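# Secondary and tertiary structure notes
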Amino acid sequence: MSHTVGIRQAQKQKTRQALLDAALRLLEEQSLSSLGLREVTRAVGVAPTAFYRHFRDMADLGVALVEETLGNLHATIGEALTDSADSVRIDRTVALIADLVRTSPAHVRFVARERHGGVAPVREAIAEQLRRFADEAAAVFARDPGSKGWREDDLHMLAGMCVDHMLMTASSFLEAGPEGEARVTSTARRQLRLIALGRRHWLD
């Protein structure tokens, strides 16, 4: 009996992932607010009623895509920020963003478009993920000896700037394509170096 349940659960997960993947492909050409449930189920080859076994509505699917895109990055970004040397931190951060865009361009494009899109639960899910990144970055910066004497709100301001820069850099990588990756990398590193220099002198 447990074997049968396991097979059913695996099939259910497979269908759920197929719906997410199909939606992501369709979202290459349109926004989530214009994407229809029937378009997604048709692409997967399942009945529209099957959709509701996995998601409440298209907004729920969009929230799941946000989690799939950003949810697993927290530990990775935390590792990139932990080194106390600015040059290492900068190189790791920019490399991480470049790799994400290189391996998951559709996911990055989805977040960039829907961050200010028309589906409120998805906007809120993206904003919550970005707040988590900022909180985690602020906690890393607070442990850095270079942050001695900083106020908490200033640490969060710095963390927010870094998160915004990551998003801006990801969008730049998307727009530039492979041929422009070196140029975007150089610019992003210089911008982060400018932030790092300003950070050192913030309390002067």
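These remarks concern the structure in this document.

Conventions used here
- Residues numbered from 1 in each chain as written.
- Predicted model: local features only at pLDDT ≥ 70, side-chain atom pairs only at ≥ 80, totals over all residues.
- Heavy atoms only, no water.
- Helix = DSSP H or I, 4+ residues; strand = E, 2+ residues; numbered from the N terminus.
- Buried < 20%, exposed > 50% of the residue type's maximum accessible area, 1.4 Å probe, protein only.
- Contact = heavy atoms within 4.5 Å.
- Areas by Shrake-Rupley, 256 points an atom, 1.4 Å probe, with all protein chains shown as cover.
- Lys, Arg positive; Asp, Glu negative; His and termini not counted.
- Charge placed at Lys NZ, Arg CZ, Asp CG, Glu CD.
- Polar contact = N/O pair within 3.5 Å; in protein donor to acceptor, adjacent residues only side chain to side chain.
- Salt bridge = Lys/Arg side-chain N within 4 Å of Asp/Glu carboxyl O.
- 1 Å grid on protein atoms, 1.4 Å probe; cavity = no way out; pocket = protein on both sides within 12 Å on 5 of 7 lines; lining within 4 Å.
- Points joined across faces, edges and corners; volume = space filled by probe spheres on them.
- Nonpolar A, V, L, I, M, F, W, Y, C, P; charged D, E, K, R; others polar.
- Axes fitted to C-alpha atoms, helices over the stretch in contact; angles between N-to-C directions.
- Parallel < 35°, antiparallel > 145°, perpendicular 65-115°, else oblique.
- Core = buried A, V, L, I, M, F, W, Y, C linked by side-chain atoms within 4.5 Å.
- Phe/Tyr/Trp six-rings, centres within 6.5 Å; stacked < 30°, edge-to-face > 60°.

## Quick look at the overall build of the chain
From N to C terminus, the chain includes ten helices and zero strands. Mapped from its N terminus to its C terminus, the chain presents α and β elements in the order α-α-α-α-α-α-α-α-α-α. Projected onto the principal axes, the alpha-carbon positions of the chain cover approximately 65 × 40 × 30 Å. Evaluated residue by residue, the chain yields a buried proportion of 44% over its 204 residues. Looking at the chain alone, contacts between residues at least 24 apart form 63% of all its contacts between residues at least 6 apart. Surface exposure of the chain reaches about 11500 Å², of which carbon and sulfur atoms provide 54%. Taking the average location of the 27 positive side-chain charges in the chain and that of its 27 negative ones, the two points are 4 Å from each other.

## A short note on the environment of H201
With respect to the helices, strands and loops of the structure, H201 is situated in the segment after α10 (181-200). Within the structure, H201 has its side chain in polar contact with the side chain of D204 (distance 2.8 Å).

## Describing the pattern of salt bridges
For the coordinates displayed, the defined rule picks out 14 salt bridges. The salt bridge partner of R89 is D86, with a shortest N-O separation of 4.0 Å. With a gap of three residues between them, R89 and D86 both fall in helix α6 (residues 86-103), about one helical turn apart. Assessed through its relative accessible area of 7%, R89 is described here as buried. R102 serves as the salt-bridge partner of D99, at 3.4 Å between the closest nitrogen and oxygen. One end of the pair, D99, and the other, R102, are both in helix α6, three residues apart, so they sit about a helical turn from each other. Under the relative-accessibility criterion, D99 is labelled partly exposed at 38%. We classify R102 as partly exposed; its relative accessible area is 47%.

## A word on empty space enclosed by the protein
This structure, assessed with the given rule, holds one cavity of 30 Å³ or more. By volume, the largest cavity is sized at about 150 Å³. Those elements that provide at least two residues to the lining of the largest cavity are α6, α9 (152-176) and α10. Along the lines of polarity and charge, the residues of the lining of the largest cavity split into nine nonpolar, one polar and three charged.

## What about the packing of helix α5 (residues 74-82) against α6?
At their nearest, the axes of α5 and α6 sit 7 Å apart, and the two run at 155° to each other. One finds that α5 runs roughly antiparallel with respect to α6. On the side of α5, the interface is formed by T76, I77, E79, A80, L81 and T82, while α6 contributes R89, R92, T93 and L96.

## Quick word on the nonpolar core
Soluble globular proteins tend to pack their nonpolar side chains together in the buried interior. Core analysis: the biggest nonpolar cluster contains 60 residues, and L65 and F110 have the highest contact counts within it. Residue contributions to this core peak at eleven residues, all from α9. Residues within four places of F110 in sequence aside, it is in contact with L24, L27, G62, L65, V66, T69 and V122.

## Quick word on the packing of aromatic side chains
This structure, assessed with the given rule, holds three aromatic pairs. Note on F51 and Y52: the rings are 5.6 Å apart at their centroids and 80° apart in plane angle, and the pair reads as edge-to-face. Geometrically, the ring pair formed by F51 and F55 is tilted, given 5.6 Å between the ring centres and 45° between the ring planes. Given the relative accessible area of 0%, F51 is considered buried. Residue F55 is classed as buried on the basis of its relative accessible area of 2%.

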